[in-house]
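Spelled out, the chains give:
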Amino acid sequence: MKTVVLQVVMTPITSESKDKGACGMTLEGSNVAITVYVLFLFIALALSYLYAWKGIEMTGLFGSQVAVATVMNLFLGACAIFGWFFYAWGTSEALFLGGLVLGAILLVVSEVALITTLFVRRDKLLEAYRERMDNGVSNRGSR
């Protein structure tokens, strides 16, 4: 009968082994760049929401304003990802791919959050449009 012996070698994790990609977080070491990247994605979400909110209150057109806001959010998110490509391309492959995955996930989450929030607030936004139109018509008629 043969006996098989497995030997587990424990090597300490040092900064040199992290640099070589042995283990560690993928986006480690670029805190400022990641912060700016994520902040730009959140600003894109806020701008597209504000556009849709004001657009629906001004025009009363829900579907078209939501479509424009989602395209605007998608465009600004794609610009952020494109900027990440420029930053991370020469740095490291792990940083590049980690940022790409982070940006894609945040972009999908922000699109879903934008559409969901606008549909939840749909009645309030359209009611604000109706009140604005009622006040505008009654003010015009009294002049």
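Quick caveat, the model's predicted, so the values are computed rather than measured.

**A short note on the side chain of glutamate 57**
Here is step 1: As for its position among the elements, glutamate 57 is in helix H2 (residues 31-59).
Here is step 2: With no salt bridge to any partner, buried glutamate 57 finds its closest opposite charge in lysine 54, at an N-O distance of 4.2 Å.
Here is step 3: A distance of 2.9 Å separates polar atoms of two side chains, one belonging to glutamate 57 and the other to tryptophan 53.
Here is step 4: Not counting residues up to four positions away in its chain, the partners in contact with glutamate 57 are Leu125, Ala128, Tyr129 and Arg132.

**A closer look at the pattern of salt bridges**
Here is step 1: Taken as a whole and assessed by the stated rule, the structure comprises one salt bridge.
Here is step 2: Of the charged contacts, one joins glutamate 127 and arginine 130 as a salt bridge, the two residues approaching to 3.6 Å between their closest N and O atoms. Taken as a pair, glutamate 127 and arginine 130 lie in helix H5 (residues 122-141) at a separation of three residues, close to a single helical turn.
Here is step 3: For glutamate 127, a relative accessible area of 37% gives the class partly exposed.

**Quick word on the UniProt feature "transmembrane region" (unreviewed entry) in the protein chain**
Here is step 1: Sequence positions flagged by UniProt for "transmembrane region" (unreviewed entry) are, in local numbering, residues 34-53, 65-89 and 95-120.
Here is step 2: As a span, residues 34-53 carries 100% helix and 0% strand, and end to end its C-alpha atoms are 29 Å apart.
Here is step 3: With 100% helix and 0% strand, residues 95-120 has end C-alpha atoms that lie 37 Å from one another.

Calculation criteria
- Residues numbered from 1 in each chain as written.
- Predicted model: local features only at pLDDT ≥ 70, side-chain atom pairs only at ≥ 80, totals over all residues.
- Heavy atoms only, no water.
- Helix = DSSP H or I, 4+ residues; strand = E, 2+ residues; numbered from the N terminus.
- Buried < 20%, exposed > 50% of the residue type's maximum accessible area, 1.4 Å probe, protein only.
- Lys, Arg positive; Asp, Glu negative; His and termini not counted.
- Salt bridge = Lys/Arg side-chain N within 4 Å of Asp/Glu carboxyl O.
- Polar contact = N/O pair within 3.5 Å; in protein donor to acceptor, adjacent residues only side chain to side chain.
- Contact = heavy atoms within 4.5 Å.
- UniProt positions renumbered as here; feature names shortened; annotations may be inferred.

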